[in-house]
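Here is how the chains run, residue by residue.
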Amino acid sequence: MSLVQLTGVGKNYGNITALSGIDLEVGESEVTCVLGDNGAGKSTLIKIIAGLHQHSSGTYEVNGREVHFNSPREALDEGIATVYQDLAVVPLMPVWRNFFLGQEKRKGLGMDSAFMRKTAKQELLDMGIDLRDVEQPIGTLSGGERQCVAISRAVYFGAKVLILDEPTAALGVKQSGVVLRYILQARERGLGVIFITHNPHHAFPVGDRFLLLKRGRSLGYYRKDEISRDELTALMAGGAELEELSHELDRGGGGVAAAAAKMLEQESKELGITPGSTP
Amino acid sequence: MTATLTAPPARGDERLARQSAFSRLAGRPEIGALVGAVVIFILFFVVAPPFREAPSIATVLYQSSLYGIPAVGVALLMIGGEFDLSAGVAVISSSLVASMTAYQLSVNVWVGVLVSLVVALAIGLLNGYLLVRTKLPSFLVTLATFFMLTGLNLALTKLISGGVATKDISDIDGFASAQAIFAQSFDVGGVSLRITLLWWIVFVAIATWVLLKTHLGNWIFAVGGADASARAVGVPVKKVKIGLFMTVSFLCWFTGMHILFSFNTVQSGQGPGNEFLYIIAAVVGGCLLTGGYGSAVGAAIGAFIFGMTEQGIVLAGWEADWFKFFLGAMLLGATLLNVYVRRRAETRK
Ligand SMILES: Nc1ncnc2c1ncn2[C@@H]1O[C@H](COP(=O)(O)OP(=O)(O)OP(=O)(O)O)[C@@H](O)[C@H]1O
Ligand SMILES: [Mg+2]
């Protein structure tokens, strides 16, 4: 059974349609990658899964039960934890307070600050982030460090489904590697991971399923055995547009344009693109 | 002498430049206010000889506590990202409700005190609820309640008591015990101190503990610092904000009870203007107007600065009007300092 399953989900912001007819699922020990260009609706999709927004159409099921989350708290209670692109951290607060924010370790009436400091430091160390001082405001960390704080926080609090919104977008090669390794680790532990990215080279090695989004619509939904890295890359690189573009040029007529159109058509064939196909 | 000359082995991270006690202190929100308080104390100590006497200090502390108690709530609220313009009038509303309930219904004053508490908390709840419901800025919401309460205070007092002040309630049952709680004086080494000073210390201590040592404190800093982020990780942002408004109301109610039981009657026109004193005390004490940063101790020092200045100006024989000018100047100075502190806190390496 899938941990999370979306069927025909859509979302309108007033009269703007940000998403429509999206299917997606993630099960235990699976990584589902969501790929798409800027503004494709990736963030909108995960905000629905995370309970920050409600979907306007379609169904959203968790463990086979239909849900309508009114707040991220409710999603969290179902074990769905999210690391946002605009990083859910409070910049002026110390790292350890951010790490435990919303799930503080209580002790009597107060909280166990010593435990929380120690744990935050240790958990981050386990992720390869050796912080100078967990007392420093999290706003002073680098983007990669902040990302890792947010991810290790979600993993530490026993998420069943981990949603990562472009965790590698702002990272260097080495730190991207750390994050990808962490995704695989999470999968090994039995978590379902929804990994949002626009980099097919990051998605392909770790993903089990791939959802491609474009302007709020599904451009294709593949299992790993149905698509190769090159096809994925081609789709992402706007291969579908190559074909469109060649038609446009063709219609324009003229020798040079026709030749160019032919070239483009050829190129898109070589890349093996079948736009709009679904499994 | 056996002082060891070798430094203790370096502990922790070598990248973390060892911070002296001084630079740690300099990173605290209230440090600017503390320096200001010392300077002002020395100033009046020098220019106003009567300021040096114990009874004057007692008066200063008393005056400070009257600003300081509501300022504790206002500081918490400001750290939580909001502010309350109705706090000054709400103090008097509380006194009026307690007084008129007890007098008009001829019941024990404690009934009036409790009815007043319920009304006060309802005002806080209303402020908070309107804020989270409408998503309007707190400036607008509490400006509206400020005017409504100002009008109600005057109109209802005139309607019920037939004047601008309430009737004397000092001979009603329960007055003595209520006075003992809210308004008694006691002697320490021949100097008469007011009980509000003790309450002030208690409230500051509780607020400091909540802010630094409890999950609620964590949530208050978070909703003020980045409320969308706080919501995303599961902090009940709306409840925290409503709770903060109700905390302000509670402390205003407490101050209102003090006023009632030390003067026995209440002037219905009092109150407006004091909300700014509370807000300025919090800002001078290092709270960021934009939320997410500050301390209760800072607000206490801010209130102490006002108490000192208000009395000091009188004792130095200056024109009392200078107090207003001073208020503005302090606020300006504190705001500039805040900007600097925030930048420092965000880029501390
Ligand atoms: N709150 C909102 N109100 C109105 N429109 C919105 C809102 N949030 C997103 N949109 C629109 O929905 C579309 C999808 O946005 P979304 O943030 O999901 O894109 P994305 O795929 O995450 O892009 P990026 O790669 O830049 O993060 C965009 O056209 C955006 O302008
Ligand atoms: Mg996005």
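Everything numeric in this text was worked out from a predicted model, so none of it was measured.

A. Here's a closer look at the UniProt feature "transmembrane region" (unreviewed entry) in chain B. Residue and element names in this part refer to chain B. Under the present numbering, the feature "transmembrane region" (unreviewed entry) in UniProt falls on residues 31-48, 60-79, 110-132, 138-156, 191-212, 242-264, 276-306 and 322-341. Taken end to end, residues 60-79 comprises 100% helix and 0% strand; its first and last C-alpha atoms sit 27 Å apart. Taken end to end, residues 191-212 comprises 82% helix and 18% strand; its first and last C-alpha atoms sit 34 Å apart.

B. View of the layout of surface pockets. A volume near 640 Å³ is recorded for the second largest pocket. Mapped by element, the contributors of at least two residues to the lining of the second largest pocket are helix 2 (72-77) of chain A together with helix 5 (109-134), helix 10 (227-232) and helix 11 (237-263) of chain B. Ranked by residue count, the leading element in the lining of the second largest pocket is helix 11 of chain B, at 4 residues. Looking at the lining of the second largest pocket residue by residue, the classes come out as 9 nonpolar, 2 polar and 8 charged.

C. Spatial organisation of the sheet that holds strand 5 (residues 65-66) of chain A. All names here are of chain A. Taken in spatial order, the 4 strands of this open sheet run 2-1-4-5, and their pairing is antiparallel. The open sheet has two edge strands with one neighbour each: strand 2 (16-26) and strand 5. Bridge count between strand 4 (residues 57-62) and strand 5: 2 bridges; the pairing is antiparallel. Its bridge partner lying in strand 5, Glu61 is registered against Glu66.

D. Layout of empty space enclosed by the protein. Residue and element names in this part refer to chain B. Enumeration over the complete set of coordinates arrives at 4 cavities of 30 Å³ or more. Its volume calculated, the largest cavity comes out at about 40 Å³. Lining the largest cavity we find 10 residues, and of these Pro29, Val284, Gly286, Leu337 and Asn338 sit closest to its centre. Among the secondary structure elements, those contributing two or more residues to the lining of the largest cavity are helix 2 (31-47), helix 12 (274-284) and helix 14 (322-347). Here the element with the most residues in the lining of the largest cavity is helix 14; it accounts for 4 residues. Of the residues in the lining of the largest cavity, the class split is 7 nonpolar, 3 polar and no charged.

E. Focus on the interface of chain A and chain B. Chain A puts 31 residues into the contact, and the matching count from chain B is 31 residues. Between chain A and chain B lies a buried interface of about 2,700 Å² when both sides are counted; carbon and sulfur atoms form 56% of it. Where chain A touches chain B, the interface holds 0 salt bridges. Where chain A packs against chain B, one counts 9 residue pairs in polar contact (both at pLDDT 80 or more). Of all the secondary-structure elements, those providing two or more residues to the side of chain A that touches chain B are helix 2 and strand 8 (110-111) of chain A. It is helix 2 of chain A that contributes the most residues to the side of chain A that touches chain B, 3 residues altogether.

F. How the structure looks around helix 2 of chain B. All names here are of chain B. Across its 17 residues, helix 2 extends 25 Å between first and last C-alpha, which sits within 8% of the 24 Å expected from 1.5 Å per residue. Looking at helix 2, one finds that the buried residues are Ala33, Gly36, Ala37, Ile40 and Phe44. Down the axis, helix 2 shows its buried residues gathered within 100° of arc, on one side only. Along helix 2, exposed side chains directed more than 90 degrees from the buried face belong to Val39 and Val46.

G. Molecular detail of the confidence of the model for chain B. Residues and elements named next belong to chain B. Averaged over all residues, the pLDDT of chain B equals 89, while 90% of them reach at least 70. When the criterion is pLDDT under 50, residues 1-17 qualifies, and its contacts beyond four places in sequence or with other chains add up to 8 contacts. For this predicted complex, the interface score ipTM comes out at 0.82, alongside a pTM of 0.80.

H. Region of interest: the packing of aromatic side chains. All names here are of chain B. Applying the stated criterion across every chain, the model contains 28 aromatic pairs over all chains. An angle of 75° between the planes, with centres 4.9 Å apart, marks the rings of Phe146 and Phe147 as edge-to-face. In this structure Phe146 comes out as buried when scored by relative accessible area, which is 12%. With a centroid separation of 6.3 Å and 75° between ring planes, the pair formed by Trp253 and Phe254 is classed as edge-to-face. The same class applies to Trp253 as to Phe254, namely buried. Feature note: the residues Trp110, Phe175, Phe182, Trp199, Phe203, Phe250, Trp253, Phe254 and Phe261 constitute an aromatic cluster, connected by ring pairs. Over the aromatic face of Phe45 sits the side chain of Arg52, whose NZ or CZ is 5.5 Å from the ring centroid. We note Arg194 situated over the ring of Tyr62; from NZ or CZ to the ring centre the distance is 4.8 Å.

Rules used throughout
- Residues numbered from 1 in each chain as written.
- Chains lettered and ligands numbered in written order.
- Predicted model: local features only at pLDDT ≥ 70, side-chain atom pairs only at ≥ 80, totals over all residues.
- Heavy atoms only, no water.
- UniProt positions renumbered as here; feature names shortened; annotations may be inferred.
- Helix = DSSP H or I, 4+ residues; strand = E, 2+ residues; numbered from the N terminus.
- 1 Å grid on protein atoms, 1.4 Å probe; cavity = no way out; pocket = protein on both sides within 12 Å on 5 of 7 lines; lining within 4 Å.
- Points joined across faces, edges and corners; volume = space filled by probe spheres on them.
- Nonpolar A, V, L, I, M, F, W, Y, C, P; charged D, E, K, R; others polar.
- Pairing = 2+ DSSP bridges.
- Contact = heavy atoms within 4.5 Å.
- Buried area = accessible area lost by both parts, 1.4 Å probe.
- Salt bridge = Lys/Arg side-chain N within 4 Å of Asp/Glu carboxyl O.
- Polar contact = N/O pair within 3.5 Å; in protein donor to acceptor, adjacent residues only side chain to side chain.
- Expected span 1.5 Å × (residues − 1).
- Buried < 20%, exposed > 50% of the residue type's maximum accessible area, 1.4 Å probe, protein only.
- Arc of directions from axis to C-beta.
- pLDDT = per-residue confidence, 0-100.
- Phe/Tyr/Trp six-rings, centres within 6.5 Å; stacked < 30°, edge-to-face > 60°.
- Lys NZ or Arg CZ within 6 Å of the ring centre and 35° of its normal.

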